[in-house]
Amino acid sequence: VIIDKAGTVEAAVNARADRFVADHADAIVAALAEPFTTAAEAIVAALDVLGDAPVDNARELARRGPDHVAAWAYVQDAHKTIAGVAGCWHQLAALAHVRTDTRLLGPLVICDPDPAGYVALDVVPGELTPWDLARKGWPLELATFASYRARVLRVNAARDDRQAERENAAADAWKRTHSLGRIANTA
């Protein structure tokens, strides 16, 4: 009898979880925002100290002094915090049936970039660290589900604009190429 009811119990538990997430998702994201904001502030403060220092070279950082080493240590801790928060956010998004694409749109969870600059990136956006995003001048800000959707819409609009510009440029180039050498019929 219990085996016969397993599907019904699972459906009831899933429905209850869906209701809980729907009712409390914004509050959960708000709770995640506090450690996220602290970590983001640490990155911005480190950016003031490190500037364009080659942060992937420990020897160079050590030569620049203990302030640089300490700032980079804070960045590493902040990255761990932000990764944990983003992981929780993505799990919550999955429960809330919010579709995400971590490879192309993942950074939109943790920053509000310039859409045209985001589309023009020459790397896969999901490979960018919070440090990389902050160095671009993009504010580190944990998205709510609503602000995430808005960021995605802005980036998609910028992507559409860029594609239209490319198509127009290609059409103009084709017209210029194919109109060369033509002689108007004046007869």
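Just so it is clear, the model here is predicted, and its values are computed rather than measured. (Residues numbered from 1 in each chain as written. Predicted model: local features only at pLDDT ≥ 70, side-chain atom pairs only at ≥ 80, totals over all residues. Heavy atoms only, no water.)

Engineer: Explain the packing of aromatic side chains to me, and be specific about the residues and the numbers.
Structural biologist: For the structure on display, the rule yields 4 aromatic pairs. Between Trp72 and Trp131, the aromatic rings sit 5.5 Å apart at their centres with planes inclined by 80°, giving edge-to-face as the arrangement. Of this pair, Trp72 sits in helix α3 (residues 66-95) while Trp131 sits in helix α6 (residues 130-135), placing them 59 residues apart in sequence. This pair shows no difference in class: Trp72 is buried, exactly as Trp131 is. Taken together, the ring pairs connect Trp89, Phe145 and Tyr148 into an aromatic cluster. Sitting over the face of the ring of Trp138, Lys136 holds its NZ or CZ atom 5.9 Å from the ring centroid. (Phe/Tyr/Trp six-rings, centres within 6.5 Å; stacked < 30°, edge-to-face > 60°. Helix = DSSP H or I, 4+ residues; strand = E, 2+ residues; numbered from the N terminus. Buried < 20%, exposed > 50% of the residue type's maximum accessible area, 1.4 Å probe, protein only. Lys NZ or Arg CZ within 6 Å of the ring centre and 35° of its normal.)

Engineer: Mind laying out the confidence of the model for the protein chain, listing which residues take part and the relevant values?
Structural biologist: Per-residue pLDDT for the protein chain averages 88, and the proportion of residues at 70 or more is 94%. Least confident of the elements in the protein chain is helix α2 (residues 58-64), whose mean pLDDT is 85; most confident is helix α5 (residues 115-119), at 95. (pLDDT = per-residue confidence, 0-100.)

Engineer: Hey, could you go over unusual backbone geometry for me, with residue numbers and the actual values?
Structural biologist: For His97, which is not glycine, the phi dihedral falls at a positive 60°. With respect to the helices and strands, the residue His97 is situated in the loop between α3 and α4 (102-105). Relative accessible area serves as the criterion here: at 63%, His97 is assigned to the exposed category.

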